[in-house]
Amino acid sequence: MTAAIEVTDLTRRFGSTRAVDNVSFRIEDGTICGLLGRNGAGKTTLMQLLTGQDFATSGDIRVFGETPAENARVLQNVCFIKESQKYPDDFRVKHVMKSAPWFFQNWDADFAETLIDDFRLPLDRKVKKLSRGQLSSVGVIIGLASRAPLTFFDEPYLGLDAVARHLFYDRLLADYSLHPRTVVLSTHLIDEVSNLLEHVLVIDNGRIIIDDTADNLRGTTTTVVGKASAVDDFAHNRTVLHRERIGGISSVTLGALSPADKREAAAADLELSPVSLQQLIVQKTGSPASETEISA
Amino acid sequence: MTSTTFSAAMKTAPGMRTRVVNVMRLHLVNRFQMILAPWMIMSFIFAVSLLIGLMFQPARASRPDRAADFTMEFNGAVLYFLIYMLVLAVMAINQVFPFAQSYSVTRRDFYVGTILTFLTLSITYSIVITVLGWIEDATNGWGLDVSVFNPGFLGPNLLERFSILVVMFLFFFMVGMATASVYVRWGAYGMYVFFGALALLILGLSWLTTATDSWIAVGNWMATMGLLGVVMWSLAPSGLAIITGYLILRRSTPRN
């Protein structure tokens with residue numbers, strides 16, 4: 001397979017903090033990749049580096065085989081939709097929709113129009129006056145209709161209601177299958193998008209802590225719930241990723257279980273359940289589930 | 001990008017000329033703000049000036065020394081226009097630059113497009129003002145001795161007037177652009193340092209002039225240069241602003 005993005009030993013320092021800390025990974029061409037992590041983990045900085053908006057302190061970035069910074073040949077094929085995107089003060093939605101096609105050669109005007117209807121976006125309103133959800137839909141529409149060979153969505157649906165979010169997922173999947181391209185999706189709503197993702201990168205404190213296919217990740221862990229003593233017996237000699245206990249009931253997260261393991265667990269009257277991508281990431285990024293932000 | 005094939009059809013970038021023209025179109029896409037609004041305000045100032053002219057007409061007509069009366073000859077309309085352009089330049093860097101980054105425009109393409117936009121506006125607006133000033137002269141100040149588009153200090157020569165206007169427009173555009181890029185790159189602290197340094201520079205130059213007792217020499221120099229000469233000298237800071245503006249912006253990152 002060819003890599004759309006190839007990053008080697010990438011570091012971005014701001015003063016003494018390392019927003020991105022010696023990171024190496026590749027994103028295969030023609031996949032939807034999730035870039036997940038907590039607030040301030042370094043997701044946006046990483047995407048800014050990949051799209052030439054920021055400059056690396058050290059390390060190497062290849063996007064479609066070339067360095068992206070100030071490289072019109074590469075950037076021509078890249079679209080970065082940022083949650084915090086600022087628009088010129090006096091711009092109306094129509095100014096954005098009119099100018100976007102000048103910069104994205106794959107722009108599909110009909111598709112854009114359909115999306116504007118779907119999201120009920122008022123064209124004549126000033127961008128400044130849009131609600132949070134409407135503002136997000138401006139980005140979503142540009143990201144989809146531009147059909148850039150490499151599209152980044154950074155927290156694209158802040159403030160969008162459930163209907164609009166599902167509209168986005170549906171449109172993205174449908175258009176992605178008709179027009180294959182590489183999509184990097186960064187979000188907090190991990191469970192909502194986990195079916196979309198083919199590959200998952202999890203960044204924490206500037207470092208990549210998970211880099212795997214979504215299928216592998218879904219199969220790698222299991223939660224075992226039952227009487228505390230039985231759970232402890234079962235977990236003994238196995239690697240415990242996470243442990244919780246309420247009264248006499250215990251729950252542990254373990255690595256992949258073999259069929260024999262599962263029979264043993266059933267015999268001990270233990271309940272097994274797969275761990276969702278979101279739970280997995282919550283546990284890996286090291287904070288109790290109760291404290292983790294699950295927005296919208 | 002040539003040897004490997006990717007799932008999506010890669011687009012080869014259009015030539016730099018197309019990319020730069022697209023940046024210019026982006027600057028001008030909001031016609032109201034860039035073109036209509038300044039001229040609407042200009043028209044309003046013009047209308048008010050005409051009304052004032054009308055108001056004083058009876059009084060002026062009764063005065064025998066009409067020629068010596070130049071109270072209506074100076075008007076700040078053109079200066080207002082220049083300040084508006086400075087504001088446009090600041091917004092172009094402060095607001096359109098981060099937006100253009102989201103359209104994956106390189107800083108270099110953006111900068112060249114921005115300068116060409118301002119150059120185009122400078123020339124177009126200078127032509128319009130010069131032509132209106134010429135009509136103003138020919139009609140004796142719109143029949144009311146009113147000077148709006150030919151403020152007295154610009155002199156009678158049309159070509160000279162046009163040159164002065166273009167160079168002044170450029171000065172305001174470029175200075176606005178360079179100052180705003182300091183802000184985009186270094187934020188509020190950058191502004192403190194920049195204006196602090198500017199104040200010290202002006203103080204230092206004044207001090208030097210006073211200490212060497214050269215104010216009269218400076219005045220004489222300006223008198224010999226004439227307005228055209230002095231204005232032409234502003235090309236030096238304008239050019240400096242273009243170069244430093246680019247050096248600052250080429251490493252700037254749009255803020256979140």
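What counts and how
- Residues numbered from 1 in each chain as written.
- Chains lettered and ligands numbered in written order.
- Predicted model: local features only at pLDDT ≥ 70, side-chain atom pairs only at ≥ 80, totals over all residues.
- Helix = DSSP H or I, 4+ residues; strand = E, 2+ residues; numbered from the N terminus.
- Rg over C-alpha atoms; globule rule 2.2 N^0.38 Å.
- Contact = placed C-beta atoms within 7 Å.
- Buried ≥ 20, exposed ≤ 12 C-beta atoms within 10 Å, placed from the backbone.
- Expected span 1.5 Å × (residues − 1).
- Bend = angle between axes of the 7 residues up to and from the residue.
- Nonpolar A, V, L, I, M, F, W, Y, C, P; charged D, E, K, R; others polar.
- Pairing = 2+ DSSP bridges.
- Axes fitted to C-alpha atoms, helices over the stretch in contact; angles between N-to-C directions.
- Parallel < 35°, antiparallel > 145°, perpendicular 65-115°, else oblique.
- Left-handed = near helix turned anticlockwise from the far one by under 90°.
- Core = buried A, V, L, I, M, F, W, Y, C linked by C-beta atoms within 7 Å.
- pLDDT = per-residue confidence, 0-100.

Asks: Requested: an account of the overall build of chain B, with residues and values cited.
Replies: The helix and strand tally for chain B stands at eight helices and zero strands. Helices and strands in chain B line up, N terminus first, as α-α-α-α-α-α-α-α. Against the globule reference of 18 Å for 256 residues, chain B gives a C-alpha radius of gyration of 23 Å, more extended than a compact globule. Overall size of chain B, expressed as C-alpha extent along the three principal axes, is 85 × 50 × 30 Å. Taking all contacts inside chain B whose residues are at least 6 apart in sequence as the whole, residues at least 24 apart take part in 82%.

Asks: Account for the overall build of chain A, naming residues and giving values.
Replies: A tally of regular secondary structure across chain A gives 11 helices and 13 strands. Projected onto the principal axes, the alpha-carbon positions of chain A cover approximately 65 × 40 × 35 Å. Counting across all 296 residues of chain A, residues that qualify as buried make up 44%. Residue pairs in contact within chain A that sit at least 24 positions apart in sequence constitute 68% of those at least 6 positions apart.

Asks: Give a detailed account of helix α7 (residues 215-233) of chain B, specifying residues and quantitative values.
Replies: Residue and element names in this part refer to chain B. Taking 1.5 Å per residue as the helical rise, α7 with its 19 residues ought to reach 27 Å, whereas the 18 Å between its terminal C-alpha atoms falls clearly short. Its maximal kink placed at Gly-226, α7 deviates by approximately 105 degrees. Across the 19 residues that make up α7, only a small minority, zero, are buried.

Asks: Pulling in residues and values, what's your account of the environment of A:Lys126?
Replies: You can see A:Lys126 is positioned in the loop between α4 (109-118) and α5 (132-145). Excluding anything up to four places from it in sequence, A:Lys126 contacts A:Asp90 and A:Arg92.

Asks: Quick one: what's the story with the interface of chain A and chain B, residue by residue and with numbers?
Replies: Between chain A and chain B, the contact holds 42 residues from the first and 33 residues from the second. Looking at the side of chain A that touches chain B, the elements with two or more residues in it are α1 (43-50), α2 (72-75), β5 (78-82) and α3 (93-103) of chain A. Here the element with the most residues in the side of chain A that touches chain B is α3(A); it accounts for five residues. Residues of the side of chain A that touches chain B, tallied by class, amount to 15 nonpolar, 16 polar and 11 charged.

Asks: Residues and numbers for the sheet that holds strand β3 (residues 32-36) of chain A, please.
Replies: Residue and element names in this part refer to chain A. In space, the six strands of this open sheet follow the order β5-β6-β7-β3-β8-β9, with mixed pairing throughout. The open sheet has two edge strands, β5 and β9 (207-213), and neither has a second partner. Geometrically, the sheet is characterised by an average inter-axis angle of 15 degrees between neighbouring strands, direction not taken into account. Across four bridges, β3 lies against strand β7 (residues 182-186) in parallel orientation. Within β7, the position partnered with Gly-34 by the bridge is Leu-185. With respect to the sheet, α5 is in contact with β5 and β6 (150-154), its orientation differing from that of β5 by roughly 165 degrees.

Asks: So what's going on with the packing of helix α1 (residues 16-28) of chain B against helix α4 (residues 107-138) of chain B? Which residues, and what values?
Replies: All names here are of chain B. Contact geometry of α1 with α4 gives a least axis separation of 8 Å together with a crossing angle of 60 degrees. It follows from the interaxial angle that α1 and α4 lie oblique. Crossing hand, α1 versus α4: right-handed. In this structure, α1 uses Met-16, Arg-19, Val-20, Val-23, Met-24, His-27 and Leu-28 to contact α4, whose residues at the interface are Asp-109, Phe-110, Val-112, Gly-113, Thr-114, Leu-116 and Thr-117. Split into classes, the residues belonging to the contact of α1 with α4 amount to eight nonpolar, four polar and two charged.

Asks: Account for the sheet that holds strand β4 (residues 58-63) of chain A, with residues named and values stated.
Replies: All names here are of chain A. As summarised here, the arrangement of the three strands in space is β2-β1-β4, forming an open sheet in which the pairing is antiparallel. Every other strand in the sheet has two partners, leaving β2 (17-28) and β4 as the edge strands with one partner each. Averaged over all adjacent pairs, the angle separating strand axes in this sheet is 15 degrees, with direction ignored. Strand direction decides the pairing type here: strand β1 (residues 3-14) and β2, joined by eight bridges, are antiparallel. Paired with Ile-5 across the two strands is Ile-27, which belongs to β2.

Asks: Describe the nonpolar core, listing the residues and the values that go with them.
Replies: Ranked by size, the top nonpolar core spans 120 residues in total, and within it A:Val63, A:Ile141, B:Ala89, B:Ala100, B:Phe173 and B:Met177 carry the most contacts. Top element by residues in this core is helix α6 (residues 158-211) of chain B. It accounts for 14 residues. Among residues more than four places away in sequence, those in contact with B:Met177 are B:Ala89, B:Ala92, B:Ile93, B:Thr114, B:Ala241 and B:Gly245. By size, the runner-up hydrophobic cluster in this structure holds seven residues, among which are A:Val224, A:Phe234, A:Val252 and A:Leu254.

Asks: An account of the packing of α6(B) against helix α8 (residues 235-249) of chain B is requested, with residue identities and associated values reported.
Replies: Residues and elements named next belong to chain B. For the pair α6 and α8, the least separation of the axes is 8 Å and the interaxial angle reads 30 degrees. By the angle between their axes, α6 is roughly parallel relative to α8. For the element pair α6 and α8, the recorded crossing hand is left-handed. Across the interface between the two elements, Val-167, Leu-170, Phe-171, Met-174, Val-175, Met-177, Ala-178, Ser-181, Val-182, Val-184 and Arg-185 of α6 pack against Leu-235, Pro-237, Ser-238, Ala-241, Ile-242, Thr-244, Gly-245, Ile-248 and Leu-249 of α8. Classifying every residue of the contact of α6 with α8 by side-chain character gives 15 nonpolar, four polar and one charged.

Asks: Please provide a residue-by-residue account of α6(B), values included.
Replies: All names here are of chain B. End to end, α6 covers just 40 Å across 54 residues, shorter than the expected 80 Å (1.5 Å per residue, more than 12% under). A bend of about 130 degrees at Trp-186 is the largest found in α6. One or two positions beyond α6, positive phi appears at Asp-213, with a value near 55 degrees.

Asks: Explain the confidence of the model for chain B to me, and be specific about the residues and the numbers.
Replies: Predicted coordinates in areas of low pLDDT are best not read in detail. Averaged over chain B, the pLDDT score is 89; the fraction of residues at 70 or greater is 93%. Among the prediction metrics, the complex's ipTM stands at 0.87, with pTM recorded as 0.89.

Asks: Which residues make up the environment of B:Asn30, and what values do they have?
Replies: One can find B:Asn30 in the loop between α1 and α2 (31-61). Owing to 21 C-beta atoms within 10 Å, B:Asn30 belongs among the buried residues under this scheme. Here B:Asn30 is in contact with A:Asp90, A:Phe91 and A:His95, once residues within four sequence places are set aside.

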